[in-house]
Protein chains: 2
Amino acid sequence: MKKYVALLAVSLMAIVVMGLLATDINAKEGERVAMTNPGLNLEHPSVNSEWSKKFPRQYGSWKKTSESIELEDMLKKWPALAIVWAGYPFSKDYNAPRGHYYAVVDNTNTLRVAAPEINPADPDSPLPAACWTCKSPDVVRLMEDKGDLNYYTGKWNKWGTEVTSPIGCYDCHDKTDASLKMGRKYVNDGLKAAKLPEFKDSTHQVKRDLVCAQCHSEYYFHPTPNGEKTAMAVVFPWKNGLEPEGMLKYYDDPENFPNKQPFADFKNSISGVPIIKAQHPDYELHTTGIHGKKGVSCADCHMPYTQEGATKFSDHQIQSPLKTMDRSCMTCHREDQDKLKAILKEKYDRKETLFKFAVNNLATAHLEMQKARELGATDAELASAVKLIRNGQWRWDYAVASHGGFYHAPDETLFILSKANQDAQAARVELRAVLAKKGAADFQAPDFSTKEKAQAISFAATKWPSYEKLAADKKKFKDEVVPKWLETAKANGLLDPERPKDDRGAWFGHSK
Amino acid sequence: MKKYVALLAVSLMAIVVMGLLATDINAKEGERVAMTNPGLNLEHPSVNSEWSKKFPRQYGSWKKTSESIELEDMLKKWPALAIVWAGYPFSKDYNAPRGHYYAVVDNTNTLRVAAPEINPADPDSPLPAACWTCKSPDVVRLMEDKGDLNYYTGKWNKWGTEVTSPIGCYDCHDKTDASLKMGRKYVNDGLKAAKLPEFKDSTHQVKRDLVCAQCHSEYYFHPTPNGEKTAMAVVFPWKNGLEPEGMLKYYDDPENFPNKQPFADFKNSISGVPIIKAQHPDYELHTTGIHGKKGVSCADCHMPYTQEGATKFSDHQIQSPLKTMDRSCMTCHREDQDKLKAILKEKYDRKETLFKFAVNNLATAHLEMQKARELGATDAELASAVKLIRNGQWRWDYAVASHGGFYHAPDETLFILSKANQDAQAARVELRAVLAKKGAADFQAPDFSTKEKAQAISFAATKWPSYEKLAADKKKFKDEVVPKWLETAKANGLLDPERPKDDRGAWFGHSK
């Protein structure tokens with residue numbers, strides 16, 4: 001009899017376990033079905049948390065981009081930046097980027113977009129609406145709702161009440177079936193100009209690059225008529241290829257621009273040299289490196305497949321693969337992690353050394369040219385040095401604005417930096433002769449060895465108010481303007497209830 | 001009955017085939033035993049053909065190094081070399097190297113060793129005996145027979161009757177059992193100085209690098225007392241590590257040299273700058289590249305395992321792995337050969353561009369310094385530029401004297417070249433100011449765009465006879481002196497009957 005009781009107990013336990021297992025299998029199957037055929041029905045796809053019900057793991061990992069919290073003040077690290085960018089907003093304030101989670105906060109906080117709607121004489125940001133383009137899925141929504149040209153027309157503060165969600169789901173995914181999608185058409189325009197397959201004609205693996213390329217690419221603002229106004233539209237300068245020399249050729253060709261002049265993002269206020277500002281050509285440099293050439297996509301390393309229990313998914317905590325080496329590197333490399341890290345450290349150090357050579361020589365060349373002009377040097381005397389500084393600064397910036405370039409394409413990055421320094425030094429050799437002829441053979445460029453010293457030189461040349469004045473205006477902007485923007489957004493249902501706590505009004509955002 | 005006949009015929013055929021097979025197996029086994037336990041009994045181990053009986057396949061493939069016959073006149077390709085090496089024999093004549101088979105011929109033919117025993121006033125080569133060190137297994141024999149210091153004492157022509165066999169078997173193999181062996185002790189001295197394991201304590205894989213490192217390394221001639229004479233002994237400057245910065249530190253430290261002065265191979269006769277000539281640091285650069293770091297040895301790629309019938313052996317036709325990609329690269333890389341070649345082409349092109357920047361700027365700096373001295377610039381005024389040119393030229397030469405560096409360690413090579421160019425340009429920036437102060441703000445360095453123009457400048461500064469005079473003396477040397485050397489060698493049993501047909505008397509050896 002006891003035997004039968006024991007057998008019954010075991011049987012019942014087995015039934016319970018099997019039942020639990022079946023429930024778990026059903027739950028997993030439900031999640032799998034949701035992933036492959038989610039039947040999304042989102043009221044506000046630009047609100048990231050709305051995607052969390054169907055994609056709890058992807059959303060949860062995305063939210064962890066908030067763990068990348070550190071800001072590095074690049075002007076403090078490289079004071080020469082304030083000289084080479086004199087007259088351009090980057091000379092006010094420039095931090096190394098952190099997690100996607102902070103994209104909108106950091107864009108609002110930076111001195112670059114200034115303090116619009118604070119001074120009656122200066123109601124608008126000095127920057128165009130397009131400066132939001134890479135910061136938010138709200139931009140995808142605005143482009144859809146208003147049309148690209150209307151989105152691009154006007155100043156940055158025009159969309160203060162509309163752009164509140166940081167880079168998230170709707171930037172890369174379709175709102176009905178969550179498939180990969182590029183909400184920004186200018187990438188396709190760039191691909192067409194470069195005679196490359198468009199997004200829709202690309203393989204899934206290439207699409208996993210292209211969604212990133214929406215923002216991690218070189219671009220400029222192309223003045224484009226929109227009725228009586230002018231839209232500053234994002235354009236990729238890829239017509240002559242995705243390499244820096246092809247892009248330089250593009251920017252130098254007057255035929256590519258409405259004013260029939262070579263393109264310049266700004267004129268350096270110290271030297272008067274027309275400068276092209278390079279903007280994180282991560283995608284382009286990646287394609288020239290060995291990982292890119294072997295078909296490794298951005299997501300393979302930055303969004304490695306990960307497992308929670310029996311569920312496998314793509315990790316949306318986009319970050320340095322050095323933090324996920326077991327899943328990002330070790331799937332291909334049979335090598336000790338520390339050994340790989342040491343090799344990367346060498347690559348980083350080499351880049352840093354060449355960065356320093358080039359940026360210091362460029363900054364010195366700008367200052368030597370300023371002195372030469374003061375002493376009466378003519379445009380004709382300086383023409384060759386102007387061209388050398390323009391080219392050198394483009395190359396230097398191209399190589400370093402892409403923060404991961406030293407890793408994505410190590411030798412290409414060193415090569416571009418080396419050419420940049422050659423240009424800068426060649427300009428200096430010429431400028432020393434000009435200075436000598438103007439009686440200043442022994443001229444020493446003023447000290448720009450700290451952020452404060454460099455900004456003092458740069459701000460004076462630009463005739464900008466002091467850093468303290470800019471910061472005080474900014475504080476006022478954040479105390480008075482931003483809270484109103486957020487209230488309006490909330491009333492319109494556009495404010496994510498799970499938005500960054502460290503939100504746009506709360507925090508200054510630079511580390512001075 | 002017919003059945004039996006047929007059966008018998010088949011049986012007989014089978015017996016014959018098996019017999020042939022057994023013979024073949026026996027022959028192969030004999031070859032295998034010979035390879036692993038050769039019981040060599042060589043009368044003259046420095047005569048390469050003596051090894052052919054026991055190692056017919058290795059010898060046969062070695063002999064094919066004669067197929068690498070092309071000489072490239074580097075002074076024609078890069079005329080600036082004649083400027084940066086002004087006063088040093090390399091400015092007379094410098095060809096890119098070809099197969100090992102031609103090592104002795106090419107060393108005899110070059111104008112660098114000049115035309116000893118032709119002019120009564122100048123009976124000796126301007127170069128020391130040590131200039132044979134990497135050219136021949138006869139050097140191993142001489143070091144054994146005479147002792148290192150006696151081998152190193154005297155001038156190059158001292159060993160004209162002794163050194164006849166080109167780089168071959170006895171350079172890397174033991175004469176009794178053919179195991180890997182380094183006949184040149186200075187490598188062990190270098191390893192000890194660098195606190196690295198000696199040859200005997202190294203793994204077999206490392207030994208396969210070190211036998212190559214005997215010659216494919218940076219070295220200099222250290223003046224060493226030998227009785228009343230001075231031996232110019234080959235020394236590896238590895239005390240502060242195997243990187244160019246450590247070696248520069250070594251060369252700059254007066255304590256390392258008998259005259260208590262920083263080391264210089266020569267003083268540039270145009271500028272007066274004391275120069276360190278870098279000498280093919282292939283081994284050192286290889287260790288800093290990814291193949292070296294992953295433990296790939298020189299032999300893995302340059303001497304890949306190969307098969308003839310059923311016999312597997314190491315291919316001794318040492319050459320570019322691009323010619324043996326199927327055996328050298330494809331054993332590890334799963335990639336299309338043409339794609340790998342295209343990647344290498346990019347690496348090569350990057351190096352060539354930076355080579356050009358650096359060498360042209362160095363040459364110009366030498367010429368600008370010459371002008372500054374003519375105009376009365378003092379040593380004190382030029383001290384900083386002198387140091388910059390010395391450092392820059394060392395770095396440039398280090399990166400390019402290793403012909404395969406662009407491949408062995410692509411980013412390290414670009415990095416060193418980039419630093420070299422930074423030095424050269426920094427020197428030029430200073431020199432332009434000095435020139436301006438001496439009234440020569442517009443000085444343009446003379447044209448050195450062809451070998452002829454560059455050598456004219458260089459030879460004049462060095463007070464050398466014309467190129468034509470050097471070449472005429474050389475011809476006389478080869479017609480009158482070399483045949484006698486070879487006769488003596490033959491009488492002593494040292495002349496390989498299979499020596500290069502294109503032998504030392506027969507051919508001029510440079511492509512002007």
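Chemist: For this particular structure, what's the right way to read the relation of the copies chain A and chain B?
Modeler: What relates the two chain copies is a rotation about an axis together with a slide along it. Expressed as a screw operation, the relation of chain A to chain B combines 0.0 Å of axial shift with a rotation of 180°, fitting to an RMSD of 0.1 Å. The operation mapping one copy onto its partner corresponds to a two-fold rotation axis. Same-surface contact between copies: 100% of interface residues of chain A are shared with the interface of chain B.

Chemist: What should I look at first to understand the nonpolar core in this one?
Modeler: Here is a general trend for soluble globular proteins: nonpolar side chains tend to be buried in one another's company. A:Leu81, A:Trp396, B:Leu81 and B:Trp396 are the most contacted members of the largest nonpolar core, which has 223 residues in total. Aside from chain neighbours lying at most four places away, what touches A:Leu81 is A:Met74, A:Leu75, A:Tyr94, A:Phe355, A:Val359 and A:Trp396.

Chemist: Hey, could you run me through the pattern of salt bridges in this one?
Modeler: Under the criterion given, the structure shown has 78 salt bridges over all chains. Of the charged contacts in the structure, one is a salt bridge between B:Asp447 and B:Lys453, with a shortest N-O distance of 2.8 Å. Judged by its relative accessible area of 38%, B:Lys453 is partly exposed. The structure contains a network of salt bridges with shared partners spanning A:Lys293, A:Asp411, A:Glu412, B:Glu346, B:Lys347 and B:Arg350.

Chemist: Just checking my understanding: could you explain the packing of aromatic side chains for this structure?
Modeler: The relative placement of two aromatic rings is captured by the distance of their centres and the angle of their planes. All names here are of chain A. All told, the structure shown has 68 aromatic pairs over all chains when counted by the stated rule. Connected via pairs of aromatic rings, a cluster forms that spans Trp 78, Trp 85, Tyr 88, Phe 90, Tyr 94, Phe 266, Phe 355 and Trp 396. We note Lys 92 situated over the ring of Trp 464; from NZ or CZ to the ring centre the distance is 4.9 Å. Of note, Arg 112 hangs over the ring of Phe 90, and the distance from its end group to the ring centre comes to 4.1 Å.

Chemist: Would you explain unusual backbone geometry in this entry?
Modeler: If a residue is not glycine, its phi is most likely negative; likewise, a peptide bond is most likely trans. The phi angle at A:Glu117 is positive, at roughly 70°, despite the residue not being glycine. Mapping A:Glu117 onto the fold places it in the loop between α5 (103-109) and α6 (137-146). Judged by relative accessible area, which is 40%, A:Glu117 ranks as partly exposed. Even without being glycine, B:Lys463 reaches a positive phi, approximately 60°. On the basis of relative accessibility, which here comes to 73%, the residue B:Lys463 falls in the exposed class.

How each quantity is defined
Residues numbered from 1 in each chain as written. Chains lettered and ligands numbered in written order. Predicted model: local features only at pLDDT ≥ 70, side-chain atom pairs only at ≥ 80, totals over all residues. Heavy atoms only, no water. Least-squares fit on C-alpha atoms with pLDDT ≥ 70 in both. Contact = heavy atoms within 4.5 Å. Core = buried A, V, L, I, M, F, W, Y, C linked by side-chain atoms within 4.5 Å. Buried < 20%, exposed > 50% of the residue type's maximum accessible area, 1.4 Å probe, protein only. Salt bridge = Lys/Arg side-chain N within 4 Å of Asp/Glu carboxyl O. Phe/Tyr/Trp six-rings, centres within 6.5 Å; stacked < 30°, edge-to-face > 60°. Lys NZ or Arg CZ within 6 Å of the ring centre and 35° of its normal. Helix = DSSP H or I, 4+ residues; strand = E, 2+ residues; numbered from the N terminus.

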